[in-house]
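In case you want the letters, here they are:
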Amino acid sequence: MRFALSDDGLGFADAVRDALGSVAPPAHVRRWWDAAETSLVTPPFTGDGPWQALVDMGVVSACLPGDVGGAGLRFVEMVGVCEELGAAALPEPVVATAVVAAPLLADLAQIVDGVGEASPEVVEALEQALDDVVAGAAAVAVAPQDDTLVECADAGWLLVEADGGLHLVDGRSLPANALVPQRSVDGARRVARLDRAHLDLSAATQLCGTGEAATAWVAARRRAEVACAAQLVGLGRPMLALTVDYVNQRRQFGVPVGSFQAVKHQLADAALHLEFAVPPVRFAAAVLSGVEGTEDAEWGPLGEPQVAVSTAKAAASDAAEQVAAAALQCHGAIGYTVEHDLHLYMKRTWALARSHGDAATHRSIVATHLLR
Amino acid sequence: MNIVVCAKQIPDPAEPGELDPETKTLKRDGKLILDESDMYGVEMALQLADNAGGGEVTLVSMAPDNKVDGIRTGLAMGAAKAVLVSDPALAGTDALGTAKVLAAAVGKVEGADLVLTATESSDGYTGTVPEQLAELLGLPSVTFAKHIEIADGKVKVQRQTDAGYDEVECPLPCVVSVTAGVVEPRYPSFKGIMAAKSKPLDQLALADTGLEADQVGWAGGGQEIVGVEDAPEREAGEIIEDDGTGAEKIVAYLENLKLV
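Residues numbered from 1 in each chain as written. Chains lettered and ligands numbered in written order. Predicted model: local features only at pLDDT ≥ 70, side-chain atom pairs only at ≥ 80, totals over all residues. Heavy atoms only, no water.

## Some thoughts on the overall build of chain A
Along its length, chain A carries eleven helices and eight strands. Its C-alpha atoms give chain A a radius of gyration of 21 Å, within 12% of the compact-globule value 21 Å for 372 residues. In terms of principal-axis extent, the alpha carbons of chain A reach across some 75 × 55 × 35 Å. With 372 residues in all, chain A has 54% of them scored as buried. Restricting to contacts in chain A with at least 6 residues of sequence separation, those with at least 24 account for 75%. (Helix = DSSP H or I, 4+ residues; strand = E, 2+ residues; numbered from the N terminus. Rg over C-alpha atoms; globule rule 2.2 N^0.38 Å. Buried < 20%, exposed > 50% of the residue type's maximum accessible area, 1.4 Å probe, protein only. Contact = heavy atoms within 4.5 Å.)

## A few points about unusual backbone geometry
Between leucine 172 of chain B and the following residue, proline 173 of chain B, the backbone shows a cis peptide bond with an omega angle of -10 degrees. One non-glycine residue, alanine 89 of chain A, lies in positive phi territory at about 50 degrees. Structurally, alanine 89 of chain A is set in the loop between α4 (75–87) and α5 (94–115).

## Concerning helix α10 (residues 342–354) of chain A
Residues and elements named next belong to chain A. End to end, α10 covers 19 Å across 13 residues, agreeing with the expected 18 Å (1.5 Å per residue, within 8%). Summarising burial for α10: eleven of the 13 residues are buried, a large majority. Along α10, the residues classified as buried are Leu342, His343, Leu344, Tyr345, Met346, Lys347, Arg348, Thr349, Ala351, Leu352 and Ala353. Close packing links the buried residues of α10 with α2 (26–36), α4, α7 (210–249), α9 (305–330) and α11 (359–371). Positive backbone phi, at 55 degrees, marks histidine 356, one or two positions downstream of α10. (Expected span 1.5 Å × (residues − 1).)

## Quick word on the domain arrangement of chain A
Residue and element names in this part refer to chain A. What the domain assignment reports for chain A is domain 1 (7–209) and domain 2 (214–371). One C-alpha centre belongs to domain 1, the other to domain 2; they are set 23 Å apart. Taken together, the contacts link 37 residues of domain 1 with 37 residues of domain 2. Note on domain 1 versus domain 2: buried area summed over both sides is about 3000 Å², and carbon and sulfur give 64% of it. Together, Arg30, Phe75 and Glu83 form the three largest contributors to the area buried by domain 1 at its contact with domain 2, with a combined 21%. Linking domain 1 to domain 2 there are five salt bridges. (Domains from an automatic or database assignment. Buried area = accessible area lost by both parts, 1.4 Å probe. Salt bridge = Lys/Arg side-chain N within 4 Å of Asp/Glu carboxyl O.)

## Description of the environment of valine 255 of chain A
In this fold, valine 255 of chain A is placed in strand β8 (residues 255–256). Not counting chain neighbours up to four residues away, the residues in contact with valine 255 of chain A comprise Arg250 and Phe260 of chain A.

## Considering empty space enclosed by the protein
Residues and elements named next belong to chain A. The final tally for this structure, using the stated rule, is two cavities of 30 Å³ or more. Of the volumes computed, that of the largest cavity is approximately 220 Å³. Taken together, 17 residues form the lining of the largest cavity, with Leu90, Pro91, Glu92, Pro93 and Glu151 sitting closest to its centre. For the lining of the largest cavity, the elements supplying multiple residues, two or more each, are α5 and α10. A per-element tally of the lining of the largest cavity places α5 first, with three residues. (1 Å grid on protein atoms, 1.4 Å probe; cavity = no way out; pocket = protein on both sides within 12 Å on 5 of 7 lines; lining within 4 Å. Points joined across faces, edges and corners; volume = space filled by probe spheres on them.)

## Overview of the packing of aromatic side chains
Residues and elements named next belong to chain A. For the structure shown, the criterion picks out five aromatic pairs over all chains. Residues phenylalanine 3 and phenylalanine 283 carry aromatic rings whose centres are separated by 6.2 Å and whose planes lie at 65 degrees to one another, so their mutual orientation is edge-to-face. In this pair, phenylalanine 3 is assigned in the segment before α1 (7–23) and phenylalanine 283 in helix α8 (residues 261–288), connecting sequence segments 280 residues apart. Here tryptophan 32 and phenylalanine 45 contribute two aromatic rings whose centre-to-centre distance is 6.2 Å and whose plane-to-plane angle is 40 degrees, an arrangement assigned as tilted. With tryptophan 32 in helix α2 and phenylalanine 45 in the loop between α2 and α3 (49–57), this residue pair connects regions lying 13 residues apart in the sequence. What makes phenylalanine 45 buried here is its relative accessible area of 7%. Among the aromatic residues, those joined into a ring-pair cluster are Trp32, Phe45 and Trp51. (Phe/Tyr/Trp six-rings, centres within 6.5 Å; stacked < 30°, edge-to-face > 60°.)

## Description of the state of the cysteines
Summed over the entire model, instances satisfying the criterion amount to zero disulfides over all chains. Between cysteine 152 of chain A, a free cysteine, and cysteine 228 of chain A, which holds the nearest cysteine sulfur, the sulfur-to-sulfur gap is 15 Å. Sulfur of cysteine 174 of chain B: no disulfide; nearest cysteine sulfur belongs to cysteine 170 of chain B and is 3.9 Å away. (Disulfide = S-S within 2.5 Å.)

## Comments concerning the pairing of strand β7 (residues 141–151) of chain B
All names here are of chain B. Sheet analysis places β7 next to strand β10 (residues 174–178), joined by three bridges and oriented parallel. Looking across to β10, one finds that alanine 145 is bridged to valine 178. For β7 and strand β8 (residues 154–160), the ladder comprises six bridges, and the chain directions are antiparallel. When the sheet's bridge partners are listed, glutamate 149 is paired in β8 with lysine 156. (Pairing = 2+ DSSP bridges.)

And the structure:
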């Protein structure tokens, strides 16, 4: 099993890193932080800036099939891109739309087409949602029934899991109190809790029964978990780079503080931990994409998708948090000033490490699978 | 409207460049990327071809070891095909030699209406190749274009000057060098990146260009690098404590330098 990115995957990740380097510098992330001081409403992001640049490159629609205007990419080809989106601490809901909700929309379109029981309204809405993804007119988010936070506080479209079925809701026509913005430790993050009392789900919004779509729904949630892990791995890189730079500049006793074992060993450990989290993340993405070799019998129960997914999320959460802690400590006092860019990455790390299940949760999932 | 763009592949400027003490030239054994200054040419060419209602954009490049990573970026942006000249005999080729090789490569592209180059590369900075190329191709050349329009078989260029710009017209075919900022280069799309791998890439050796080994490389160069040394470290200055004669000492110091 090869864990390196494919040539295409590498090309996509390089292109996204280059683009984000110019359109989404830390100052961009900081604008979302600043906006949160006064209001948790998501700043307008479609039609401009990094979102539009990524739409033009075909990132947002990459996982949609070619016949609806996507590039037909599998998740495994996008995992490097998720790392880069994480490394830029991009506030726009690109990951939630591109690798989680959009391919789910495409899967559901196929299911709805096959079952043929959905209302004409929702079929039309589904087409519109797919068009919106391709045109970059709206973000799409998923709202699971377990009350997980919705990854985009003002998604244009919302895929809602409810008793007896999956619904597609136009986010722009939701009552104002249906999606309640939640303050995150990361000021650039815009998450919301769905208040189902203010949600009007009916036959006109129902796509299909949960049974028919169970596989697609579970796959989407697993992609969300691995994409989150990939972002965490990506976040570790700028934190390490900033810190290595800093400990080379900051001098004490006439030498850079980075020359002290207490500093350099700590950073070496963090770098090692981070690198060791990469293969589990890439492997989980390969498993979810059904890459040849991942169904190998030798893997036995480890080949089970959820084990691979949970291993990835646990490893990435731990590694990124270790890097964040080392980075904060090695920066000394300056690391505690929120004006420092380290905070943009560190607080995103704190938020994502606990989102989609923290390390302990995922370790217990792995344990349950291994010990049953 | 068929346009040829000269595209140089250079070591990533983000990584500190290193000189090889053996060959006394820049180390180019790592990954090479498309020179950012050439992205403007590629973008300009794509837009001109688009505005003309069709035509192909072809990249020509000279690089060691058949390196294609930078070329692929240009193809991913939308260029249709590429010609790459790579040969061990080309090591050490100077600006004029490079122009000879590029001229030969441009000659392999049929029906080129326009040749675009950057004003200079971001690693070599000689800034002479565009004019040398035009001379070797026997074409007129316009340099430092900050705006290009094509109409009636002519190219209309706003040519950057110190004070503003000159308006220059030139009949096609010709060679135009473009400044950074002539257009905003696009980011390669994912579909473009995937398609780039299957676009025609013509890889030529020196023999295919019709040039002889003594016209290029170290042999053909009109120059020789005799040594490479680190820039000397700045020495600490002299500190004069003012005991009342400070001014005199400064004057004496300046007199010693023949400045007063």
